[in-house]
Amino acid sequence: MASRFPFFGYWQKTTVVLWCLAIFCFVIADTEIIALDPWSELHKLGMGFVSPDFFATEYLLEALWQTVSFALLGVVLGLALGGPLALIYGSRWISVGCSVVRSIHELFWALLFLQVFGLSPLTGILAIALPYGATFARVFHDILLQAPRSTEETLPVGSDRVSRYFYGRISHVLPTMVAYVRYRFECSLRSSAVLGFIGMPTIGFYLETAFRQGNYSEGAALLIIFIILIGTISLWCRAKLIIFYLIAALYWLPTIPDINGSLLWRFVSQDVLPPALQGLNRGHSFDWEMLSRLMSWASRILSEQAIPGGIATLVLAISAAMMAHFLAVLFTSLSSNMLMGNIISAIMKMLLVIFRSVPEYIYAFIFMMLLGPSMLPAMLALAIHNGALIAFLSTRQLASIEVSDHYNKKIDGYCYDVLPRIYPNMMGLLFYRFEVILRETAIFGMLGVATLGFYIDSGFAEIHYSTALLLMGCTALLNIAVDIISRRLLNNHSASISCIQ
């Protein structure tokens, strides 16, 4: 096909195949709108944004501060975990362990820690720190591999490994690593807000309460404040202020309740064990009968929950990813001053900041109230957030493009002269975001969508911890498999992918 149609290159063929797959997934997905009167609800929501009530929420400043402090402490602890691991990430066991940890969403980690620590600050901080630490280890390792070795080769013979890394490599790539930490802090603010949906004292808790009770003016005010918080990070999150924020976060951290060691040991040694292995706590030895019961239990969970949930997760993720692809191309085009002019471009760039600042979970929560509990609200939520983020990063690349003398500032000239230059990078970002979409897709089960997250949440709610842990493992394996496939697709074609992951 490429010889007969030379314009039909690698990314064009890949896009057509992915869109065919996405259309098939969308057709078989549950996208029925079952809300009784969505337009009436949408009108009420719109009126709430027209007349936001910024004084309706009690403890608003405290909720904002807890959102920031949980995010900050989670990122700092994640750095403390991931920084050293980056130096030994080449070890197969370390890389596999980090892949499993970062493949599980922060909300699932929070649900797990909730059973041990309750609504303690430790639950929120650890839920952010663990997956972020694994992510820091992976990204820092990749960044260090790109560092030049010229300085390292001049160090004295016999220098220890840590010194060689700090003086020979990290000094070259420190600005890139700092930029990535800033990006992850923005992500952690969204994660911290979402933790409020399971009861943590962040702004998400008040957001959910306001929208569930139909107090749209209050909910709109909270959402606007959160968007402003994200959009002004560069103003209030300065490097010289971080140490003061960190001290204040530790000082005003809510009281951590005493941890009952016996309850913790019971959870680890007994509650999380599958029913077939409960006999080990009563002195029974592991035998073939116990193995048979264990295999029967695992096969039942896999056939009744893991496989249907995994299929639903993939169907939702693929559909949402290609909707995000469409919005990314559209938003990037509308944000280009080479096509739309300076005024429309500036307005679109401001809208992109707003769209990407709202967490997917909040989008889905709002859309679900308007459209009912189906996959459609989750698709729209994932598409808007990720499409805006990809467009935001792609728009940065537009600033460095020099068009030819024949560029006519029209749609045909844009598609011929500009879009082909940024499209490989855009597709690379889409493949990376697909992994994130897959992680986010699972948590929509907590809103009633029958993904893997639905069964995991049910397992915790029914105190079937072993079932929840098995399904969390299935979620991790699914994410790792998708990561491998997407990397192979990217490696088949040399694409210029943005350093922001």
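All of these numbers come straight from a predicted model, not from anything done at the bench.

Colleague: Got a sec to walk through the overall build of the protein? Specific residues and values, please.
Modeller: Scanning the protein from N- to C-terminus turns up 20 helices and 0 strands. For 501 residues, the compact-globule estimate of 2.2 N^0.38 gives 23 Å, and the C-alpha radius of gyration of the protein, at 24 Å, lies within 12% of that figure. Along the three orthogonal principal directions, the C-alpha set of the protein runs to about 80 × 75 × 55 Å. When burial is assessed residue by residue, the protein has 51% of its 501 residues classed as buried. Taking contacts inside the protein between residues at least 6 apart in sequence as the whole, the part at least 24 apart equals 76%. In the structure as shown, the protein presents an accessible area of about 24300 Å², 66% of it carried by carbon and sulfur atoms. Within the protein, the 30 negative side-chain charges are centred at a point lying 10 Å from the centre of the 30 positive side-chain charges.

Colleague: Quick rundown of a nonpolar patch on the surface? Include the residues and the values.
Modeller: On the surface, a nonpolar cluster with roughly 500 Å² of combined accessible area is contributed by Leu21, Ile23, Phe24, Val27 and Ile28. Mapped onto the secondary structure, Ile23 falls in helix α1 (residues 10–28).

Colleague: Describe the pattern of salt bridges, naming the residues involved and giving the relevant values.
Modeller: Under the criterion given, the structure shown has 6 salt bridges. For Glu186, the salt bridge goes to Arg190, with nearest N and O atoms at 3.0 Å. Of this pair, Glu186 and Arg190 both sit in helix α8 (residues 161–194), 4 residues apart, roughly one helical turn. Accessibility expressed as a relative area gives 6% for Arg190, which makes it buried. Measuring nitrogen to oxygen at the nearest pair gives 2.5 Å for the salt bridge that ties Glu186 to Arg356. Of this pair, Glu186 sits in helix α8 while Arg356 sits in helix α15 (residues 342–357), placing them 170 residues apart in sequence. The burial state of Glu186 is the same as that of Arg356; both residues are buried.

Colleague: Which residues make up α1, and what are the values?
Modeller: Given a rise of 1.5 Å per residue, 19 residues ought to cover 27 Å, and the 28 Å separating the end C-alpha atoms of α1 matches this to within 8%. Buried within α1 we find Trp11, Thr14, Thr15, Ala22 and Cys25. Projected down its long axis, α1 shows its buried positions confined to an angular sector of 95°, all on one face. Exposed residues on α1 whose side chains face more than 90 degrees from its buried face are Val17, Cys20, Phe24 and Val27.

Colleague: Residue-level account of the confidence of the model for the protein, with values.
Modeller: In the predicted model, the protein carries a mean pLDDT of 84, and 91% of its residues have values of at least 70. The weakest mean pLDDT in the protein belongs to helix α7 (residues 150–153) at 65; the strongest belongs to helix α3 (residues 60–87) at 92. Across residues 1–7, confidence stays below pLDDT 50; counting only partners more than four residues off in sequence or on other chains, it has 4 contacts. Note that residues 494–501 has pLDDT below 50 and, in this model, 16 contacts with residues that lie over four places away or in other chains.

Colleague: I'd like a rundown of the packing of aromatic side chains, residues and numbers included.
Modeller: Two measures describe an aromatic ring pair: the distance that separates the ring centres and the angle between the ring planes. In total, this model carries 18 aromatic pairs according to the counting rule given. Where Phe454 meets Tyr455, the ring centres are 5.4 Å apart and the plane angle is 85°; that geometry is what we call edge-to-face. What links up through ring pairs into an aromatic cluster is the set Phe136, Phe140, Tyr180 and Tyr183. Here Arg184 stacks its cationic end above the ring of Tyr132, 4.5 Å away from the centre of that ring. Across the ring face of Phe392, the terminal group of Arg356 is positioned such that the distance to the ring centre comes to 4.0 Å.

Colleague: Describe the side chain of Thr135, listing the residues and the values that go with them.
Modeller: Of note, Thr135 is situated in helix α6 (residues 121–145). Since its relative accessible area comes to 13%, Thr135 is described here as buried. Apart from residues lying up to four places away in sequence, Thr135 is in contact with Arg102, Tyr180 and Arg184.

Colleague: An account of the nonpolar core is requested, with residue identities and associated values reported.
Modeller: In a soluble, globular protein the nonpolar side chains are often hidden away together inside. Residues Leu189, Tyr361 and Phe444 are the most contacted members of the largest nonpolar core, which totals 153 residues. With 18 residues, helix α14 (residues 288–334) is the largest single contributor of residues to this core.

Colleague: I'd love a proper account of the packing of α3 against helix α12 (residues 242–251), names of residues and values included.
Modeller: It is the contact of α3 with α12, at a shortest axis distance of 9 Å, that shows an interaxial angle of 110°. Of the possible angle classes, the one that applies to α3 and α12 is roughly perpendicular. Along the contact surface, α3 presents Trp65, Ser69, Leu72, Leu73 and Val76, while α12 presents Ile242, Tyr245, Leu246, Ala248, Ala249 and Leu250.

Colleague: I'd like to hear about unusual backbone geometry, residue by residue, with values.
Modeller: For Tyr59, which is not glycine, the phi dihedral falls at a positive 60°. Residue position: Tyr59 is located in the loop between α2 (38–50) and α3. If you check the backbone angles, Ile463 has positive phi at about 60° while not being a glycine. Within the fold, Ile463 resides in the loop between α19 (452–461) and α20 (465–491). Residue Ile463 is classed as exposed on the basis of its relative accessible area of 57%.

Colleague: Help me get a handle on the environment of Pro359, residues and values and all.
Modeller: With respect to the helices and strands, Pro359 occurs in the loop between α15 and α16 (360–371). On a C-alpha basis, the gap between Pro359 and Asn425 in space is 23 Å, while along the polypeptide they are 66 residues apart. Excluding residues within four positions of it along the chain, Pro359 makes contact with Arg190, Val194 and Phe226.

Parameters at a glance
- Residues numbered from 1 in each chain as written.
- Predicted model: local features only at pLDDT ≥ 70, side-chain atom pairs only at ≥ 80, totals over all residues.
- Heavy atoms only, no water.
- Helix = DSSP H or I, 4+ residues; strand = E, 2+ residues; numbered from the N terminus.
- Rg over C-alpha atoms; globule rule 2.2 N^0.38 Å.
- Buried < 20%, exposed > 50% of the residue type's maximum accessible area, 1.4 Å probe, protein only.
- Contact = heavy atoms within 4.5 Å.
- Areas by Shrake-Rupley, 256 points an atom, 1.4 Å probe, with all protein chains shown as cover.
- Lys, Arg positive; Asp, Glu negative; His and termini not counted.
- Charge placed at Lys NZ, Arg CZ, Asp CG, Glu CD.
- Patch = residues over 30% accessible without salt bridge, like charges linked within 9 Å, V, L, I, M, F, W, Y side chains within 5 Å.
- Salt bridge = Lys/Arg side-chain N within 4 Å of Asp/Glu carboxyl O.
- Expected span 1.5 Å × (residues − 1).
- Arc of directions from axis to C-beta.
- pLDDT = per-residue confidence, 0-100.
- Phe/Tyr/Trp six-rings, centres within 6.5 Å; stacked < 30°, edge-to-face > 60°.
- Lys NZ or Arg CZ within 6 Å of the ring centre and 35° of its normal.
- Core = buried A, V, L, I, M, F, W, Y, C linked by side-chain atoms within 4.5 Å.
- Axes fitted to C-alpha atoms, helices over the stretch in contact; angles between N-to-C directions.
- Parallel < 35°, antiparallel > 145°, perpendicular 65-115°, else oblique.

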